[in-house]
Amino acid sequence: MTEIPVEADWDNAPGVLEGARELELTPAMCNLPYWFEHVAGSMLRRLSDGTVTAAGPTQAVLRPGPMREALIDEFTFRTLAEDKATRALSFLVFHAPDRDCLEFYATQLVDEARHARAFRDHLLLVGVPDEEISAAVARTAASSGAAVLDPLEEFGLGVLRDRQDFYGGVLVLTVLVEGILAPAAELSERKWKVLDPSAALVERGANMDEIRHLAVGSAVVRQYLTQRPQARAGLVDLVREGRRLWEQLPMQEVLYRRESLFQEGLAEHGHLLGDYEIWPGRRLVDSGIEERMEAAERWSRETQDARLKYMLLDEAL
(Lines give C-alpha, C1' and ligand atoms only; values in the text may rest on other atoms or scores of the structure.)
Protein backbone atom coordinates (compact mmCIF):
# COMPACT_ATOMS: atom_id res chain seq x y z
CA MET A 1 0.00 0.00 0.00
CA THR A 2 1.31 3.46 -0.91
CA GLU A 3 2.32 5.57 2.07
CA ILE A 4 -0.14 8.37 2.79
CA PRO A 5 1.49 11.80 2.37
CA VAL A 6 1.52 13.74 5.60
CA GLU A 7 -0.79 16.52 4.35
CA ALA A 8 -3.57 13.97 3.63
CA ASP A 9 -3.13 12.01 6.86
CA TRP A 10 -5.78 12.76 9.51
CA ASP A 11 -3.42 11.64 12.26
CA ASN A 12 -0.30 13.51 11.18
CA ALA A 13 -1.27 16.45 8.98
CA PRO A 14 0.13 19.77 10.23
CA GLY A 15 -2.15 22.54 11.40
CA VAL A 16 -3.15 25.04 8.76
CA LEU A 17 -0.70 27.67 10.03
CA GLU A 18 2.35 25.42 9.90
CA GLY A 19 1.33 23.67 6.70
CA ALA A 20 0.29 26.79 4.79
CA ARG A 21 3.62 28.46 5.55
CA GLU A 22 6.05 25.59 5.11
CA LEU A 23 4.66 22.76 2.96
CA GLU A 24 6.00 22.48 -0.59
CA LEU A 25 3.82 20.79 -3.22
CA THR A 26 3.45 21.15 -6.99
CA PRO A 27 0.61 20.50 -9.46
CA ALA A 28 2.49 17.46 -10.78
CA MET A 29 2.61 16.02 -7.24
CA CYS A 30 -1.11 16.71 -6.62
CA ASN A 31 -2.64 15.57 -9.91
CA LEU A 32 -5.73 13.41 -10.45
CA PRO A 33 -4.07 10.09 -9.44
CA TYR A 34 -2.92 11.76 -6.20
CA TRP A 35 -6.43 13.07 -5.49
CA PHE A 36 -8.14 9.74 -6.17
CA GLU A 37 -5.66 7.79 -4.06
CA HIS A 38 -4.92 10.10 -1.15
CA VAL A 39 -7.92 12.44 -0.90
CA ALA A 40 -10.88 10.34 -2.09
CA GLY A 41 -9.25 6.98 -1.41
CA SER A 42 -7.78 7.67 2.02
CA MET A 43 -8.73 10.99 3.60
CA LEU A 44 -12.42 10.94 2.61
CA ARG A 45 -12.75 7.16 2.90
CA ARG A 46 -11.72 7.32 6.54
CA LEU A 47 -14.51 9.83 7.13
CA SER A 48 -17.11 7.68 5.39
CA ASP A 49 -16.14 4.39 7.05
CA GLY A 50 -16.13 5.92 10.52
CA THR A 51 -12.45 5.48 11.37
CA VAL A 52 -12.18 9.26 11.67
CA THR A 53 -15.02 10.63 13.72
CA ALA A 54 -15.84 13.15 16.42
CA ALA A 55 -18.38 13.56 19.18
CA GLY A 56 -21.56 15.34 18.23
CA PRO A 57 -22.55 18.93 19.02
CA THR A 58 -23.05 19.84 22.68
CA GLN A 59 -26.10 21.59 24.05
CA ALA A 60 -24.21 24.87 23.65
CA VAL A 61 -25.00 24.82 19.92
CA LEU A 62 -28.09 22.62 19.93
CA ARG A 63 -30.13 25.00 22.09
CA PRO A 64 -31.20 28.48 20.98
CA GLY A 65 -28.79 31.15 22.12
CA PRO A 66 -25.79 33.24 21.11
CA MET A 67 -23.39 30.30 20.77
CA ARG A 68 -25.72 28.60 18.31
CA GLU A 69 -26.16 31.89 16.44
CA ALA A 70 -22.37 32.26 16.20
CA LEU A 71 -22.10 28.81 14.64
CA ILE A 72 -24.94 29.46 12.18
CA ASP A 73 -23.47 32.85 11.22
CA GLU A 74 -20.06 31.34 10.56
CA PHE A 75 -21.17 28.23 8.70
CA THR A 76 -23.61 30.08 6.42
CA PHE A 77 -20.81 32.53 5.58
CA ARG A 78 -18.42 29.66 4.87
CA THR A 79 -21.07 27.91 2.73
CA LEU A 80 -21.48 31.02 0.62
CA ALA A 81 -17.71 31.63 0.37
CA GLU A 82 -17.05 28.05 -0.76
CA ASP A 83 -19.84 28.28 -3.34
CA LYS A 84 -18.24 31.40 -4.80
CA ALA A 85 -14.77 29.82 -4.78
CA THR A 86 -16.11 26.79 -6.64
CA ARG A 87 -17.57 28.92 -9.41
CA ALA A 88 -14.45 31.08 -9.72
CA LEU A 89 -12.22 28.02 -10.00
CA SER A 90 -13.94 27.02 -13.23
CA PHE A 91 -11.98 29.84 -14.90
CA LEU A 92 -8.65 28.50 -13.58
CA VAL A 93 -9.53 25.09 -15.00
CA PHE A 94 -10.50 26.67 -18.33
CA HIS A 95 -7.30 28.74 -18.61
CA ALA A 96 -4.89 26.15 -17.18
CA PRO A 97 -1.65 26.27 -19.22
CA ASP A 98 -0.78 22.58 -18.92
CA ARG A 99 -2.16 19.18 -17.94
CA ASP A 100 -0.86 19.23 -14.37
CA CYS A 101 -2.49 22.59 -13.60
CA LEU A 102 -5.73 21.54 -15.28
CA GLU A 103 -5.94 18.37 -13.19
CA PHE A 104 -4.98 20.06 -9.93
CA TYR A 105 -7.47 22.92 -10.27
CA ALA A 106 -10.19 20.48 -11.32
CA THR A 107 -9.61 18.69 -8.00
CA GLN A 108 -9.59 21.99 -6.09
CA LEU A 109 -12.92 22.90 -7.68
CA VAL A 110 -14.37 19.63 -6.36
CA ASP A 111 -12.78 20.26 -2.95
CA GLU A 112 -14.44 23.67 -2.61
CA ALA A 113 -17.82 22.25 -3.65
CA ARG A 114 -17.34 19.53 -1.02
CA HIS A 115 -16.59 22.14 1.62
CA ALA A 116 -19.75 24.10 0.82
CA ARG A 117 -21.79 20.91 1.22
CA ALA A 118 -19.98 19.95 4.44
CA PHE A 119 -20.69 23.31 6.10
CA ARG A 120 -24.32 23.17 5.01
CA ASP A 121 -24.70 19.56 6.12
CA HIS A 122 -23.37 20.43 9.55
CA LEU A 123 -26.11 22.99 9.98
CA LEU A 124 -28.56 20.18 9.28
CA LEU A 125 -26.77 18.11 11.94
CA VAL A 126 -27.33 20.77 14.60
CA GLY A 127 -31.01 20.81 13.77
CA VAL A 128 -31.42 23.73 11.38
CA PRO A 129 -34.15 22.72 8.88
CA ASP A 130 -33.12 22.80 5.24
CA GLU A 131 -35.48 25.64 4.36
CA GLU A 132 -34.11 27.69 7.27
CA ILE A 133 -30.54 27.10 6.05
CA SER A 134 -31.49 28.50 2.67
CA ALA A 135 -33.03 31.54 4.36
CA ALA A 136 -29.97 31.97 6.59
CA VAL A 137 -27.61 31.78 3.61
CA ALA A 138 -29.77 34.35 1.82
CA ARG A 139 -29.51 36.68 4.84
CA THR A 140 -25.74 36.18 4.89
CA ALA A 141 -25.57 36.89 1.15
CA ALA A 142 -27.50 40.12 1.64
CA SER A 143 -25.34 41.32 4.55
CA SER A 144 -21.79 40.07 5.14
CA GLY A 145 -21.71 38.34 1.77
CA ALA A 146 -22.62 41.51 -0.09
CA ALA A 147 -20.18 43.57 1.98
CA VAL A 148 -17.17 41.22 1.87
CA LEU A 149 -17.55 38.31 -0.51
CA ASP A 150 -19.13 40.10 -3.46
CA PRO A 151 -16.31 42.69 -3.82
CA LEU A 152 -13.69 39.92 -3.51
CA GLU A 153 -15.53 37.88 -6.12
CA GLU A 154 -15.77 40.87 -8.47
CA PHE A 155 -12.05 41.55 -8.08
CA GLY A 156 -11.14 37.91 -8.71
CA LEU A 157 -13.41 37.57 -11.73
CA GLY A 158 -11.92 40.73 -13.17
CA VAL A 159 -8.60 38.92 -13.23
CA LEU A 160 -9.81 35.43 -14.14
CA ARG A 161 -12.77 36.00 -16.44
CA ASP A 162 -12.19 39.45 -17.91
CA ARG A 163 -8.39 39.52 -18.22
CA GLN A 164 -8.13 35.73 -18.60
CA ASP A 165 -4.99 35.92 -16.45
CA PHE A 166 -4.33 32.43 -15.11
CA TYR A 167 -1.29 33.28 -12.97
CA GLY A 168 -2.88 36.46 -11.64
CA GLY A 169 -5.93 34.40 -10.74
CA VAL A 170 -3.81 31.83 -8.90
CA LEU A 171 -2.13 34.66 -7.00
CA VAL A 172 -5.44 36.29 -6.02
CA LEU A 173 -6.83 32.96 -4.82
CA THR A 174 -3.66 32.01 -2.93
CA VAL A 175 -2.89 35.32 -1.24
CA LEU A 176 -6.10 37.32 -1.02
CA VAL A 177 -8.64 34.57 -0.45
CA GLU A 178 -7.14 31.44 1.08
CA GLY A 179 -4.14 33.25 2.52
CA ILE A 180 -6.50 35.45 4.51
CA LEU A 181 -9.36 33.07 5.29
CA ALA A 182 -7.37 29.92 6.12
CA PRO A 183 -5.92 31.30 9.39
CA ALA A 184 -9.44 32.34 10.45
CA ALA A 185 -10.52 28.75 9.78
CA GLU A 186 -7.69 27.57 12.05
CA LEU A 187 -9.12 29.74 14.83
CA SER A 188 -12.57 28.30 14.17
CA GLU A 189 -11.31 24.73 14.40
CA ARG A 190 -9.79 25.48 17.78
CA LYS A 191 -12.89 27.33 19.05
CA TRP A 192 -15.33 24.53 18.29
CA LYS A 193 -13.16 21.57 19.33
CA VAL A 194 -14.92 21.11 22.69
CA LEU A 195 -18.22 22.91 22.15
CA ASP A 196 -18.97 21.16 18.85
CA PRO A 197 -16.33 18.52 18.01
CA SER A 198 -18.12 17.58 14.80
CA ALA A 199 -17.91 21.21 13.60
CA ALA A 200 -14.18 21.20 14.40
CA LEU A 201 -13.86 18.02 12.33
CA VAL A 202 -15.52 19.75 9.37
CA GLU A 203 -13.04 22.61 9.75
CA ARG A 204 -10.13 20.17 10.12
CA GLY A 205 -10.99 18.43 6.85
CA ALA A 206 -11.41 21.70 4.98
CA ASN A 207 -8.16 23.03 6.43
CA MET A 208 -6.24 19.94 5.29
CA ASP A 209 -7.43 20.69 1.76
CA GLU A 210 -6.59 24.38 2.05
CA ILE A 211 -3.00 23.57 3.07
CA ARG A 212 -2.62 21.67 -0.20
CA HIS A 213 -4.29 24.44 -2.21
CA LEU A 214 -2.04 27.14 -0.72
CA ALA A 215 1.13 25.12 -1.22
CA VAL A 216 0.40 24.23 -4.84
CA GLY A 217 -0.80 27.72 -5.75
CA SER A 218 2.40 29.18 -4.34
CA ALA A 219 4.50 26.70 -6.32
CA VAL A 220 2.66 27.59 -9.55
CA VAL A 221 3.46 31.29 -9.15
CA ARG A 222 7.04 30.62 -8.03
CA GLN A 223 7.78 28.46 -11.07
CA TYR A 224 6.17 31.02 -13.38
CA LEU A 225 8.28 33.88 -11.99
CA THR A 226 11.43 31.76 -12.06
CA GLN A 227 10.88 31.31 -15.80
CA ARG A 228 9.49 34.82 -16.46
CA PRO A 229 10.96 37.25 -13.91
CA GLN A 230 9.79 40.16 -16.08
CA ALA A 231 6.21 39.35 -14.95
CA ARG A 232 7.03 40.09 -11.30
CA ALA A 233 6.14 43.78 -11.37
CA GLY A 234 2.63 43.11 -12.67
CA LEU A 235 1.96 40.50 -9.99
CA VAL A 236 3.33 42.77 -7.26
CA ASP A 237 0.92 45.48 -8.40
CA LEU A 238 -1.92 42.94 -8.34
CA VAL A 239 -1.15 41.97 -4.74
CA ARG A 240 -1.03 45.60 -3.68
CA GLU A 241 -4.30 46.34 -5.45
CA GLY A 242 -5.95 43.37 -3.77
CA ARG A 243 -4.63 44.28 -0.35
CA ARG A 244 -5.96 47.83 -0.73
CA LEU A 245 -9.36 46.34 -1.54
CA TRP A 246 -9.20 44.02 1.46
CA GLU A 247 -8.40 46.89 3.81
CA GLN A 248 -11.57 48.66 2.66
CA LEU A 249 -13.84 45.67 3.32
CA PRO A 250 -15.73 45.45 6.64
CA MET A 251 -14.45 41.97 7.49
CA GLN A 252 -13.46 43.08 10.98
CA GLU A 253 -17.06 44.17 11.60
CA VAL A 254 -18.32 40.77 10.41
CA LEU A 255 -15.87 38.96 12.68
CA TYR A 256 -16.56 41.24 15.64
CA ARG A 257 -20.28 40.51 15.45
CA ARG A 258 -19.60 36.78 15.28
CA GLU A 259 -17.04 36.83 18.07
CA SER A 260 -19.41 38.91 20.21
CA LEU A 261 -22.04 36.19 19.90
CA PHE A 262 -19.40 33.58 20.72
CA GLN A 263 -18.33 35.60 23.78
CA GLU A 264 -21.90 35.74 25.03
CA GLY A 265 -22.04 32.00 24.56
CA LEU A 266 -18.84 31.56 26.57
CA ALA A 267 -20.47 33.34 29.51
CA GLU A 268 -23.29 30.80 29.37
CA HIS A 269 -21.41 27.60 28.48
CA GLY A 270 -17.83 28.24 29.62
CA HIS A 271 -18.13 25.49 32.23
CA LEU A 272 -18.01 22.94 29.39
CA LEU A 273 -14.50 24.01 28.42
CA GLY A 274 -12.57 23.32 31.60
CA ASP A 275 -8.89 24.08 31.06
CA TYR A 276 -9.01 23.64 27.28
CA GLU A 277 -6.49 26.03 25.68
CA ILE A 278 -7.12 27.83 22.40
CA TRP A 279 -3.34 28.23 22.13
CA PRO A 280 -0.59 27.25 24.55
CA GLY A 281 -0.98 28.98 27.88
CA ARG A 282 -4.37 30.58 27.13
CA ARG A 283 -7.65 28.98 28.14
CA LEU A 284 -10.45 29.51 25.65
CA VAL A 285 -12.86 30.42 28.43
CA ASP A 286 -10.55 33.29 29.46
CA SER A 287 -10.01 34.67 25.95
CA GLY A 288 -11.68 37.83 24.69
CA ILE A 289 -13.15 39.12 21.44
CA GLU A 290 -10.30 41.42 20.44
CA GLU A 291 -7.69 38.90 21.55
CA ARG A 292 -9.04 36.18 19.26
CA MET A 293 -9.47 38.60 16.37
CA GLU A 294 -5.93 39.92 16.78
CA ALA A 295 -4.57 36.37 16.75
CA ALA A 296 -6.42 35.55 13.52
CA GLU A 297 -5.22 38.79 11.90
CA ARG A 298 -1.62 38.10 12.96
CA TRP A 299 -1.75 34.52 11.66
CA SER A 300 -3.18 35.77 8.37
CA ARG A 301 -0.46 38.39 7.93
CA GLU A 302 2.31 35.92 8.77
CA THR A 303 0.90 33.30 6.40
CA GLN A 304 0.57 35.77 3.54
CA ASP A 305 4.08 37.11 4.11
CA ALA A 306 5.60 33.62 4.14
CA ARG A 307 3.80 32.64 0.94
CA LEU A 308 4.72 35.91 -0.84
CA LYS A 309 8.39 35.39 -0.01
CA TYR A 310 8.22 31.83 -1.30
CA MET A 311 6.59 33.09 -4.52
CA LEU A 312 9.46 35.57 -5.04
CA LEU A 313 7.12 38.51 -4.42
CA ASP A 314 8.92 40.09 -1.46
CA GLU A 315 8.38 43.52 -3.01
CA ALA A 316 4.64 43.24 -2.25
CA LEU A 317 5.26 43.00 1.50
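Small disclaimer: the values here were computed from a predicted structure and weren't measured.

Conventions adopted
- All residue numbers refer to position in the chain's written sequence, counted from 1.
- Local features in a predicted model are, by the rule used here, given only for residues with pLDDT of at least 70; side-chain atom pairs are given and counted only at 80 or more, and totals for whole chains, interfaces and linings are based on all residues.
- Water and hydrogen atoms were dropped before computing side-chain values, which therefore reflect all heavy atoms in the structure.
- Strands are runs of DSSP state E lasting at least two residues, helices are runs of H or I lasting at least four, and both sets are numbered from the N terminus onward.
- Between the two quantities, the radius of gyration covers C-alpha atoms and the globule rule is 2.2 Å times the number of residues to the power 0.38.
- Exposure categories follow from relative accessible area, calculated using a 1.4 Å probe and restricted to protein chains: below 20% of the type maximum is buried, above 50% is exposed, and the middle band is partly exposed.
- Residue contacts are defined here by distance: any two heavy atoms, one from each residue, within 4.5 Å place the two residues in contact.
- By the counting scheme adopted, Arg and Lys are positive, Glu and Asp are negative, and His together with the chain ends is not counted.
- In this description, the location of a charge corresponds to atom NZ of lysine, CZ of arginine, CG of aspartate or CD of glutamate.
- Every angle, taken between N-to-C directions, lies between 0 and 180 degrees, and every axis is a line fitted to C-alpha atoms, over only the stretch in contact when it is a helix.
- Angle categories: roughly parallel below 35 degrees, roughly antiparallel above 145, roughly perpendicular from 65 to 115, and oblique for all the rest.
- Handedness of a crossing follows from how the near helix is turned relative to the far one, being left-handed for an anticlockwise turn of less than a right angle and right-handed for a clockwise one.
- Lys, Arg, Asp and Glu make up the charged group, whereas Ala, Val, Leu, Ile, Met, Phe, Trp, Tyr, Cys and Pro make up the nonpolar group; the residues left over, Gly among them, are polar.
- Residue count minus one, scaled by 1.5 Å, sets the expected span of a helix.
- By definition here, a salt bridge exists when the distance from a side-chain nitrogen of Lys or Arg to a carboxyl oxygen of Asp or Glu is within 4 Å.

Right, let's get into the overall build of the protein chain. Scanning the protein chain from terminus to terminus reveals 11 helices and 2 strands. Along the protein chain, helices (α) and strands (β) appear in the sequence α-α-α-α-α-α-α-α-α-α-β-β-α when read from the amino end. Expected size for 317 residues packed as a compact globule is a radius of gyration near 20 Å; at 19 Å, the protein chain falls within 12% of this value. In terms of its C-alpha atoms, the protein chain occupies a principal-axis envelope of roughly 55 × 50 × 40 Å. For the protein chain, the residues scored as buried account for 55% of the 317 residues in total. Intrachain contacts of the protein chain at a sequence separation of at least 6 include 81% that bridge at least 24 residues. Across the protein chain, the 35 positively charged side chains and the 53 negatively charged ones have centroids separated by 1 Å.

Between helix 4 (residues 66-95) and helix 5 (residues 99-125), the least distance of the axes is 8 Å, while the angle of their chain directions is 160°. When the axis of helix 4 is compared with that of helix 5, the two are roughly antiparallel. For helix 4 against helix 5, the interelement crossing comes out left-handed. Split into classes, the residues belonging to the contact of helix 4 with helix 5 amount to 15 nonpolar, 7 polar and 5 charged.

For Gln 164, which is not a glycine, the phi torsion comes out positive at approximately 55°. The residue Gln 164 is located in the loop between helix 6 (130-162) and helix 7 (166-195) in this model. Given a relative accessible area of 52%, Gln 164 falls into the exposed group. The residue Leu 312 is not glycine, and still its phi comes out positive at about 70°.

This part is about the environment of Leu 255. On the secondary structure map, Leu 255 appears in helix 10 (residues 251-269). For Leu 255, a relative accessible area of 15% puts it in the buried group. Remark: the alpha-carbon pair of Leu 255 and Ile 289, spanning 34 residues in sequence, is separated by 9.2 Å.

This paragraph deals with helix 11 (residues 289-310). Compared with the 32 Å implied by 1.5 Å per residue over 22 residues, the 32 Å span of helix 11 between its first and last C-alpha is a close match. Here the buried face of helix 11 lies against helix 1 (16-22), helix 7, helix 8 (197-227), helix 9 (232-248), helix 10 and strand 1 (277-279). Positive phi shows up at Leu 312, right after helix 11, with a value of about 70°.

Bringing the environment of Gly 168 into the picture now. Here Gly 168 shows up in helix 7. It is 28 Å that separates the C-alpha atoms of Gly 168 and Leu 187, two residues lying 19 residues apart in sequence. Setting aside anything within four residues of it in sequence, one finds Gly 168 in contact with Val 159, Leu 235 and Leu 238.

Looking now at the pattern of salt bridges. According to the stated counting rule, one finds 21 salt bridges in the structure shown. Across the pair Arg 46 and Asp 11 runs a salt bridge, and its minimum N-O distance is 3.2 Å. Here Arg 46, found in helix 2 (residues 32-48), pairs with Asp 11, found in the segment before helix 1; they are 35 residues apart in sequence, far enough to count as distant. Linking Asp 305 and Arg 243 is a salt bridge whose minimum nitrogen-to-oxygen distance equals 3.4 Å. Placement of Asp 305 in helix 11 and of Arg 243 in helix 9 is noted, with a sequence separation of 62 residues between them. Using a relative accessible area of 23% as the deciding quantity, one classes Asp 305 as partly exposed. Through salt bridges with shared partners, one network takes in Asp 111, Arg 114, Asp 209 and Arg 212.

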